[in-house]
Amino acid sequence: MRDVIIVGAGPGGSATAKHLSEKGYSVALYEKRQEIGAPKRCGEGISLGRVERLGLNPPKNCIRQKIDGAKIYAPSGKAVEIDYGKDSGYILERKMFDKWLAEEAARKGAFVQAKTYINDVVRERGRVSGVKGESCSEKFEEKSKILVAADGVESKISRVAGLNTTCNPLFIDSGVQFEMVGIEIEDPKKIHLYFGNKIAPRGYLWIFPKGKDVANVGIGIIGNCSIPAIDYLKKFVENKEELKKGSILEVNAGSIPVGGFLKKMTLDNFLIVGDAAYQVNPIHGGGIYEAQLAGRIAAEIIDEALQKKNTSDNQLNKYNIEWWKQRGNSLRKIEKLREVVENLSDEDFNYLADKLTGEDLVNFTRGNSLVTLAKLLLKRPHLIKLAKALL
Amino acid sequence: MFKWNKNKCLRCGGCISVCPNDALELTEHGIVRDEKKCITCGICDLFCPVGAIKVKKDRDK
Ligand SMILES: Cc1cc2nc3c(=O)[nH]c(=O)nc-3n(C[C@H](O)[C@H](O)[C@H](O)COP(=O)(O)OP(=O)(O)OC[C@H]3O[C@@H](n4cnc5c(N)ncnc54)[C@H](O)[C@@H]3O)c2cc1C
Ligand code: SF4
Ligand code: SF4
């Protein structure tokens, strides 16, 4: 009997496992892939501030490139530059990073096992009380006081456990990415983002440099587009002088939640962490930080519940409250911003690119100063409704 | 009709996340569909980032 079983060794699962093991609980972390961290489904960007807030000190091999700023391109080609400050962001090597996070959990005492697929939950008097799965093709069953689903966007465990987490498919973007080498990157210390409904419907294209001539080149677009995301990405690469001669080292894909946060992420003896609960920043799709922060919150609530010997839904409800207080409410504001962005025409984008500074954009993506944006939108009659939604 | 192209598929799990009826699963053999749950709505087809799923509405459903 474990105190806690965690399904999925992404950043969310490993963070939960680490924090709980540190507190002395018996924890098992199961991952279906044969190699933790691979293949990646990620652009690998995270800000230094976030890394510090999580109290992480990742080894050198997890960090490929330090970032100073961003260049955001409007459909007209006009770029708005953002200065984040020297070395204030990282492009990670997620394969290394995810594995390192799992290692850290194991070092604190968690039992980590790859190639272990969890396909069902065990129940006792109707309540979740463990898992059923297959580890290196051997079937097994294990009991636990609490089960944590950190199984990513394809989360099955929550549904099997009895929480309906199905969300509106419009809240999930379709993403695909090439890791490319042999390309020319004008400024490897900047990330580059390209907007425009013709090149990326309701989304954007990105170039996240991993060195002078290596980068993640990807796209995230609305999930109900009749043309697959990869076709837009191929076109972008073909039309870009700096990219078109490059080679492709990896093809990655995945879904990117852009809203639809869950009010209820708990049941008796059960809670959800990370992408499985759509805990992602809806404007840029960043979830590495969100998943780990949620893991930390979950670990604190689980600790309290186990100490009180009360792991009921009522007790675990504190996780819902705490997550919404720390993250949900501000992410919800950012979701509103995304709703505005997805309704802008290329002309609107060009107009805003002329009016806004890099500083404005940084504020917006943090959910601040949205009034400034609303005021600009109010000047364009067809955008008044959107502006009001922001105010 | 539901067709999954195993050579195109990147095993990203995206289709599973958007299926409103929980009809898909990613197993060792790739994407498996539960015919009883699927209503051939085509959401997974539109979603797939690489166009690996093709769905046509079944007449009898
Ligand atoms: C194209 C793309 C680009 C992105 N770019 C960025 C970026 O630049 N920056 C950023 O911060 N975020 C980015 N993200 C989002 C980020 O990758 C995720 O938010 C993050 O990985 C979420 O962590 P997680 O632990 O919740 O889930 P995951 O990392 O998805 O981990 C879940 C794990 O659970 C395992 N699992 C699933 N089901 C089972 C099961 N039944 N049994 C056992 N194991 C199971 C999976 O194999 C997986 O390893 C991007 C996403 C995509 C798709
Ligand atoms: S969304 Fe497409 S690429 Fe991803 S798992 Fe489903 S079929 Fe495969
Ligand atoms: S067609 Fe609709 S119901 Fe069937 S698998 Fe695809 S998304 Fe699910």
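Being a predicted model, the structure only gives us computed values, none of them experimental.

K.L.:
Explain the overall build of chain B to me, and be specific about the residues and the numbers.
P.N.:
A tally of regular secondary structure across chain B gives 2 helices and 4 strands. Listed by position from the N terminus, the elements making up chain B come as β-α-β-β-α-β. Computed over its C-alpha atoms, the radius of gyration of chain B comes to 11 Å, within 12% of the 10 Å expected for a compact globule of 61 residues. Seen through its principal axes, chain B has C-alpha atoms that stretch 30 × 20 × 15 Å. In chain B, which comprises 61 residues, the proportion classed as buried is 46%. Counting only contacts in chain B whose residues sit at least 6 apart along the sequence, the fraction spanning at least 24 positions is 44%. Summed over its atoms, the accessible surface of chain B is roughly 3,500 Å², and 51% of this surface lies on carbon and sulfur atoms. Averaging the positions of the 12 positive and the 8 negative side-chain charges in chain B gives two centres separated by 7 Å.

K.L.:
Describe the interface of chain B and chain A, and please don't skip the residues or the numbers.
P.N.:
Between chain B and chain A, the contact holds 21 residues from the first and 28 residues from the second. With both chains or domains summed, chain B and chain A bury close to 1,900 Å², and 58% of this area falls on carbon and sulfur atoms. Broken down residue by residue, the surface that chain B buries against chain A is led by Ser17, Phe47 and Pro49 of chain B, which jointly contribute 29%. The salt bridge involving Lys156 of chain A is made with Asp22 of chain B; its shortest N-O contact spans 3.0 Å. At the level of secondary structure, the elements contributing two or more residues to the side of chain B that touches chain A comprise helix H1 (14-18), strand S2 (24-27) and helix H2 (43-47) of chain B. If one sorts the elements of the side of chain B that touches chain A by residue count, H1 of chain B sits on top with 4 residues.

K.L.:
Please set out the site of ligand 3 residue by residue, giving values where relevant.
P.N.:
All residues adjacent to ligand 3 are Cys19, Pro20, Asn21, Leu24, Cys38, Ile39, Thr40, Cys41, Gly42, Cys44 and Val55 of chain B. Of the residues contributing to the shell around ligand 3, the split by class is 8 nonpolar, 3 polar and no charged.

K.L.:
Report on the sheet that holds strand S12 (residues 172-181) of chain A, specifying residues and quantitative values.
P.N.:
All names here are of chain A. Strands sit in the order S6-S5-S13-S14-S15-S12-S16 across an open sheet of 7 strands; the sheet is mixed. Strands at the two margins of the open sheet, each flanked by one partner only, are strand S6 (79-83) and strand S16 (247-257). Strand-to-strand twist across the sheet, computed as the mean angle between neighbouring axes with direction ignored, equals 15°. Sheet topology note: the S12/S16 ladder contains 10 bridges and is antiparallel. In the strand pairing of S16, Val181 is matched with Ser247.

K.L.:
Break down a nonpolar patch on the surface for me, with residues and values.
P.N.:
Judged by side-chain polarity, Val371, Leu378 and Leu391 of chain A come together as a nonpolar surface patch covering roughly 270 Å² of accessible area. Structurally, the position occupied by Leu391 of chain A is in the segment after helix H12 (384-390).

K.L.:
Requested: an account of the sheet that holds strand S7 (residues 89-92) of chain A, with residues and values cited.
P.N.:
Residue and element names in this part refer to chain A. A sheet is described by the order of its strands in space; here 3 strands give the open sequence S3-S7-S4, paired in antiparallel fashion. What marks the edges here is a single partner per strand, and that holds for strand S3 (45-47) and strand S4 (63-67). Ignoring which end each strand starts from, the neighbouring axes of this sheet average 25° apart. Pairing geometry for S4 and S7, over 4 bridges, is antiparallel. Each bridged residue has a counterpart across the sheet, and for Lys66 the counterpart in S7 is Tyr90.

K.L.:
Break down the environment of Val112 of chain A for me, with residues and values.
P.N.:
Residues and elements named next belong to chain A. Its place among the elements puts Val112 in strand S8 (residues 111-113). Between the alpha carbons of Val112 and Ser14 there is a distance of 9.1 Å; along the sequence they are 98 residues apart. Sequence-distant contacts of Val112, defined by excluding residues within four places in its chain, comprise Leu29, Ile36, Ala102 and Ala106.

K.L.:
Can you explain the pattern of salt bridges? Please cite residues and give values.
P.N.:
All names here are of chain A. Per the counting criterion, the structure on display carries 44 salt bridges over all chains. Between Arg332 and Glu335 there is a salt bridge, with the nearest N and O atoms lying 2.8 Å from each other. Taken as a pair, Arg332 and Glu335 lie in helix H8 (residues 313-341) at a separation of 3 residues, close to a single helical turn. Taking relative accessible area as the criterion, Arg332 reaches 35% and is therefore assigned partly exposed. Connected via shared salt-bridge partners are Lys40, Glu44, Arg64, Glu93, Lys95, Glu179, Lys210 and Glu250.

K.L.:
Outline the site of ligand 2, listing residues and values.
P.N.:
Lining the immediate surroundings of ligand 2 are 14 residues, of which Cys9, Leu10, Cys12, Cys15 and Cys48 of chain B lie closest. By residue class, the composition of the shell around ligand 2 is 11 nonpolar, 2 polar and 1 charged.

K.L.:
Report on unusual backbone geometry, specifying residues and quantitative values.
P.N.:
Residues and elements named next belong to chain A. Note the cis peptide between Ala38 and Pro39, where omega equals -10°. Mapped onto the secondary structure, Pro39 falls in the loop between strand S2 (27-30) and S3. The residue Lys115 is not glycine, and still its phi comes out positive at about 45°. Structurally, Lys115 can be placed in the loop between S8 and strand S9 (116-124). The class for Lys115 is partly exposed, based on a relative accessible area of 34%. In this model, Cys136 sits at a positive phi of 45°, which is unusual for a non-glycine residue. Here Cys136 shows up in the loop between strand S10 (127-135) and strand S11 (138-149).

Conventions used here
- Residues numbered from 1 in each chain as written.
- Chains lettered and ligands numbered in written order.
- Predicted model: local features only at pLDDT ≥ 70, side-chain atom pairs only at ≥ 80, totals over all residues.
- Heavy atoms only, no water.
- Helix = DSSP H or I, 4+ residues; strand = E, 2+ residues; numbered from the N terminus.
- Rg over C-alpha atoms; globule rule 2.2 N^0.38 Å.
- Buried < 20%, exposed > 50% of the residue type's maximum accessible area, 1.4 Å probe, protein only.
- Contact = heavy atoms within 4.5 Å.
- Areas by Shrake-Rupley, 256 points an atom, 1.4 Å probe, with all protein chains shown as cover.
- Lys, Arg positive; Asp, Glu negative; His and termini not counted.
- Charge placed at Lys NZ, Arg CZ, Asp CG, Glu CD.
- Buried area = accessible area lost by both parts, 1.4 Å probe.
- Salt bridge = Lys/Arg side-chain N within 4 Å of Asp/Glu carboxyl O.
- Near = heavy atom within 4 Å.
- Nonpolar A, V, L, I, M, F, W, Y, C, P; charged D, E, K, R; others polar.
- Pairing = 2+ DSSP bridges.
- Axes fitted to C-alpha atoms, helices over the stretch in contact; angles between N-to-C directions.
- Patch = residues over 30% accessible without salt bridge, like charges linked within 9 Å, V, L, I, M, F, W, Y side chains within 5 Å.

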